[in-house]
Amino acid sequence: MPFGPPSLGNQLISIIGRAGTLIASLWGFILMTHGLRYARNLPFVKAAVLVGVPVVVSLIWLNLQYLGPA
């Protein structure tokens, strides 16, 4: 692994990967919220909270490497 700052290409690939993860998580949140809403006859807000907590926890877990010191 070379020392020094990461190259522009590696940074771009990392940004694209993080954006893809965010988009996929948002899409999963929407699908799971609607599924829970219709399967259990819950109001939208309650279903969004029930699904949102695990989605936010998973996003934090996936991005823990960016929270540490450089």
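Residues numbered from 1 in each chain as written. Predicted model: local features only at pLDDT ≥ 70, side-chain atom pairs only at ≥ 80, totals over all residues. Heavy atoms only, no water.

Caption draft 1: Region of the structure containing helix H2 (residues 44-62). In a regular helix each residue adds 1.5 Å, so 19 residues correspond to 27 Å; H2 covers 26 Å between its end C-alpha atoms and thus fits that length. Of all the bends in H2, the largest measures some 30° and sits at Gly52, one to four residues before the proline Pro54. Looking at H2, one finds that the buried residues are Ala47, Ala48, Val51, Gly52, Val55 and Leu59. (Helix = DSSP H or I, 4+ residues; strand = E, 2+ residues; numbered from the N terminus. Expected span 1.5 Å × (residues − 1). Bend = angle between axes of the 7 residues up to and from the residue. Buried < 20%, exposed > 50% of the residue type's maximum accessible area, 1.4 Å probe, protein only.)

Caption draft 2: Structural view of the environment of Leu62. Structurally, Leu62 is set in helix H2. Taking the relative accessible area as the measure of exposure, Leu62 reaches 48% and is therefore partly exposed. The sequence separation of Leu62 and Thr21 amounts to 41 residues, and the corresponding C-alpha distance is 8.9 Å.

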